Amino acid sequence: MPSSALQRARGPDFSREVLVVATVLDSAHFKPRRRKQGRRVQQDPAGKVLGGTVLVVHAGRYPLHNLPEPITLTFKHNKTVGNGTCVFWEESSQEEGTGDWSTHGCDTSDTGSHFVCRCNHLSFFAVLVNPDVSLSKEDAFNLSLITYVGSALSVVFTVISLIIYICLHKQQPERAVGLHMHLTAALLCLHLSFLLCSFWAWRLKDDEADWFCRALGLLLHWSLLATVSWSALEGFHLYLLLVRVFNIYIRRYLLKLSVVGWGLPTLVTLLCGVSGVYGKYKLEFRDANNPTSTLQLCWISSQFPHRQVVTYVTTVAFPSLVVLFNSCMLGLVVFKLWRLRGGGGGWEKSSKGRASRLCKDCVTVLGLSCVLGLPMGLSSATYVSVPGIYTFTTLNSLQGVLVFLWSLALTCKSRTDATASSRDTSSQRIITTSFNS
């Protein structure tokens with residue numbers, strides 16, 4: 001506490017001593033007020049109080065605000081939390097007994113083991129944090145094993161899927177099958193390059209990154225962007241079929257889509273390669289017994305100064321937009337299924353027929369989810385809990401297997417398409433015809 005703050009706390013009587021009181025309270029005593037936004041009710045704060053404790057500092061008889069020199073408060077943490085923000089408790093004038101955590105007048109800095117708060121007033125202070133999900137060495141090993149095994153299986157099954165699509169395309173050339181072929185090829189490159197990157201980074205020394213590792217990092221980045229791009233084009237194709245419906249003929253349709261699906265990733269990775277983005281990436285995980293354990297991969301180099309910007313734009317923002325768009329397309333499919341099932345007396349059939357149709361609709365929706373790349377949207381679950389990390393890792397590493405199941409379903413549909421069209425004039429016929437257009 002600076003001397004200027006103590007002098008102001010004395011007030012007009014400069015001769016008297018200043019009593020400084022500092023104590024700690026449980027954060028459960030502080031009730032955030034509820035804010036109504038339309039029909040929804042949102043409750044603050046967004047973060048969690050560090051340690052569940054609030055530091056109370058009071059000096060003298062007069063309130064201290066707008067101090068010329070800030071008061072410094074230090075909060076120790078155990079490195080298992082994310083970004084921390086220094087806040088103070090501000091009483092609500094609208095709802096008695098409640099308030100909000102405010103950052104006004106407080107600056108935050110993190111030394112790695114302490115949060116340092118510099119505030120220009122005295123009040124009830126705390127640090128709001130978002131706890132990081134820490135992985136033990138056992139979890140890291142299990143996740144690595146799931147990833148490697150799942151990627152190896154995906155390589156095998158994507159090869160089989162490509163063979164199936166080639167056979168289907170020879171029998172009856174269709175745009176949807178051509179799209180699936182490109183997406184499957186991108187997935188094959190993604191899983192194969194990931195395994196190569198992991199193996200090559202493992203055999204290199206800690207600080208070593210040769211030209212081949214940088215080339216593999218470029219290939220992995222290109223494969224990821226290509227997979228996301230073709231997933232977006234699958235959603236675009238679905239938009240043409242279900243929204244525009246008429247006048248959707250586009251000359252050299254697949255060729256123009258290929259320019260986007262393969263050209264955009266190539267342009268981005270070439271620009272990144274010229275900038276020297278690629279190299280060895282080290283992923284550290286926290287463990288009480290071995291806190292410095294790392295996993296290495298030929299990817300975007302950890303030494304690149306703007307690595308976070310490149311990673312956020314190409315692997316977070318772009319996939320998030322694609323997942324959002326494709327989710328809307330999937331929601332449109334579900335809406336049309338529901339609308340078609342509910343009309344024309346479709347629900348008057350036997351319960352066995354309804355169960356069969358419901359099962360087919362669920363398979364259609366789940367298959368589309370994999371083709372549209374929606375399992376990538378589970379990446380947000382990795383910030384919440386360890387089970388979320390396991391779910392995301394399992395589904396995405398096995399995406400090649402899921403796409404194979406989808407290709408198998410398309411093969412069965414193509415064989416029974418004529419029979420199904422004559423028996424069923426509802427959603428199954430319409431959806432099947434649309435997907436094969």
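See the structure shown above.
Residues numbered from 1 in each chain as written. Predicted model: local features only at pLDDT ≥ 70, side-chain atom pairs only at ≥ 80, totals over all residues. Heavy atoms only, no water.

Before going further, it helps to examine the overall build of the chain. A count of helices and strands for the chain gives 11 helices and 14 strands. Split into buried and exposed, the 437 residues of the chain put 42% on the buried side. Across the chain, the fraction of contacts at a sequence separation of at least 24, relative to all contacts at a separation of at least 6, is 74%. Carbon and sulfur atoms make up 60% of the accessible area of the chain, which totals about 24,800 Å². (Helix = DSSP H or I, 4+ residues; strand = E, 2+ residues; numbered from the N terminus. Buried < 20%, exposed > 50% of the residue type's maximum accessible area, 1.4 Å probe, protein only. Contact = heavy atoms within 4.5 Å. Areas by Shrake-Rupley, 256 points an atom, 1.4 Å probe, with all protein chains shown as cover.)

In this section: the state of the cysteines. What the rule picks out here adds up to three disulfides. One disulfide in the model links Cys 86 with Cys 117; its S-S distance is 1.9 Å. Residues Cys 86 and Cys 117 are joined by a disulfide whose S-S torsion is about -80 degrees; by sign, that bridge is left-handed. Highlighted residues: Cys 86 in strand β8 (residues 81-91) and Cys 117 in strand β11 (residues 114-119), separated in sequence by 31 residues. Classification of Cys 117 by relative accessible area gives buried; the value is 2%. Between the sulfur of Cys 213 and that of Cys 298 lies a disulfide, 2.1 Å long from S to S. Of note, the bridge from Cys 213 to Cys 298 carries an S-S torsion of about -115 degrees and is left-handed in sense. You can see Cys 213 sitting in helix α4 (residues 211-244) and its partner Cys 298 sitting in strand β14 (residues 294-300), a full 85 residues away along the chain. Cys 298 shares its class with Cys 213; the two are buried. Counting only the cysteines that form disulfides, in the order they appear in the chain, gives the pairing 1-3, 2-4, 5-6. (Disulfide = S-S within 2.5 Å.)

Here three strands make up an open sheet; going across it, the order is β7-β11-β10 and the pairing antiparallel. Two strands in the sheet have a free side with no partner beyond their single neighbour: β7 (71-76) and β10 (106-110). When the angles between neighbouring strand axes are averaged without regard to direction, this sheet yields 20 degrees. Alignment of β10 against β11, held across five bridges, turns out to be antiparallel. If you follow Asp 110 over to β11, its bridge partner there is Phe 115. (Pairing = 2+ DSSP bridges. Axes fitted to C-alpha atoms, helices over the stretch in contact; angles between N-to-C directions.)

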